[in-house]
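Given next are the chains, with one letter for each unit.
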Amino acid sequence: MLRKLCAVLLFAVSFVGVAHAEQKTRVGNFDIHYIAFGSTFLTPSIAKSYGLKRSNYNGIVNISVLDTRKAGNPAVAVKISGIASNLMSSQVNLDFKEIKDGKAIYYIAEVPYQDDGTINFDIDISKGKELNTSLKFSQKFYVK
């Protein structure tokens, strides 16, 4: 099922030209991949299987962390928390779900938004003493 989710995420990335494709940042020996997109890019069955609300006013943020020191850059489990805020300073805590599929590990959270609204993400990511960072980015969302 996660393979389907990954396929949908890749599909979604191909259509979010207006809304930035997947992004990556390197922190020490880790690559942090992140993307945010409207939940309607998910098929109803994928959204249901992961307990995600599919709506024109609900976004998804997806984070994965890869260890660049090891062959194949394997995914690593991390502690993750964050806050999403709009331009009017309304905030919502992000409730990340860890999803594992074989060697892949993803952290997914939902975020509400208004049409033509920009959401600012402030996400804390840590892995013991090896990684302790904040990821900050913004995403503009549109209602279809």
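These notes cover the structure that comes with them. All figures in this text were calculated on a predicted structure; none of them were measured in a lab.

**With respect to the pairing of strand β5 (residues 91-94)**
Regular strands have side chains that alternate between both faces of the sheet.
For step 1, the next point in the chain: By the bridge criterion, 4 bridges tie strand β4 (residues 79-86) to β5 in an arrangement that is antiparallel. Each bridged residue has a counterpart across the sheet, and for G82 the counterpart in β5 is L94.
For step 2, the next point in the chain: If you look at the hairpin formed by β4 and β5, you'll find 4 residues sitting between the two strands, and S89 has a positive phi there, around 70°.

**A word on the pattern of salt bridges**
For step 1, the next point in the chain: Going through the model one piece at a time under the given rule, you end up with 8 salt bridges.
For step 2, the next point in the chain: The salt bridge involving D31 is made with R26; its shortest N-O contact spans 2.8 Å.
For step 3, the next point in the chain: For D31, a relative accessible area of 5% puts it in the buried group.
For step 4, the next point in the chain: Note that D67 is salt-bridged to R69, the shortest N-O span being 2.9 Å.
For step 5, the next point in the chain: Residue classification places R69 among the partly exposed residues on the basis of a relative accessible area of 43%.
For step 6, the next point in the chain: Salt bridges sharing partners connect three or more residues here, namely D67, R69, K70 and E130.

**Quick word on the pairing of strand β8 (residues 117-127)**
For step 1, the next point in the chain: Pairing between β4 and β8: 8 bridges, direction antiparallel. Within β8, the position partnered with I80 by the bridge is I125.
For step 2, the next point in the chain: Direction of pairing for β8 relative to strand β9 (residues 131-141): antiparallel, over a ladder of 11 bridges. Paired with I125 across the bridge in β9 is T133.
For step 3, the next point in the chain: Counted along the chain from β8 to the antiparallel partner β9, the turn is 3 residues long, and its residue G128 has a positive phi close to 50°.

**A short note on the sheet that holds β9**
For step 1, the next point in the chain: Read across the sheet, 4 strands follow the order β5-β4-β8-β9 without closing on themselves; strand pairing throughout is antiparallel. Both edges of this open sheet fall to β5 and β9, since each of them pairs with a single strand only. With strand direction ignored, the average angle separating the axes of adjacent strands in the sheet is 15°.

**A look at the sheet that holds strand β1 (residues 23-27)**
For step 1, the next point in the chain: Read across the sheet, 5 strands follow the order β1-β2-β3-β7-β6 without closing on themselves; strand pairing throughout is antiparallel. Two strands in the sheet have a free side with no partner beyond their single neighbour: β1 and β6 (97-101). Ignoring strand direction, the axes of neighbouring strands in this sheet form an average angle of 25°.
For step 2, the next point in the chain: Pairing between β1 and strand β2 (residues 30-38): 5 bridges, direction antiparallel. Bridge pairing links R26 to D31 in β2.

**Quick notes on the packing of aromatic side chains**
For step 1, the next point in the chain: Applying the stated rule across the entire model yields 4 aromatic pairs.
For step 2, the next point in the chain: Taken together, a centroid distance of 4.5 Å and an interplanar angle of 40° make the contact between Y34 and F137 tilted. Of this pair, Y34 sits in strand β2 while F137 is found in strand β9, placing the two residues 103 residues apart along the sequence. Both residues of the pair, Y34 and F137, count as buried.
For step 3, the next point in the chain: Seen in terms of ring centroids, F37 and F41 are 6.4 Å apart; in terms of plane orientation they differ by 70°. Their pairing is edge-to-face.
For step 4, the next point in the chain: Taking the relative accessible area as the measure of exposure, F37 reaches 2% and is therefore buried.
For step 5, the next point in the chain: One aromatic cluster is present, built from ring pairs that chain together Y34, F121 and F137.

About the thresholds
Residues numbered from 1 in each chain as written. Predicted model: local features only at pLDDT ≥ 70, side-chain atom pairs only at ≥ 80, totals over all residues. Heavy atoms only, no water. Pairing = 2+ DSSP bridges. Helix = DSSP H or I, 4+ residues; strand = E, 2+ residues; numbered from the N terminus. Salt bridge = Lys/Arg side-chain N within 4 Å of Asp/Glu carboxyl O. Buried < 20%, exposed > 50% of the residue type's maximum accessible area, 1.4 Å probe, protein only. Axes fitted to C-alpha atoms, helices over the stretch in contact; angles between N-to-C directions. Phe/Tyr/Trp six-rings, centres within 6.5 Å; stacked < 30°, edge-to-face > 60°.

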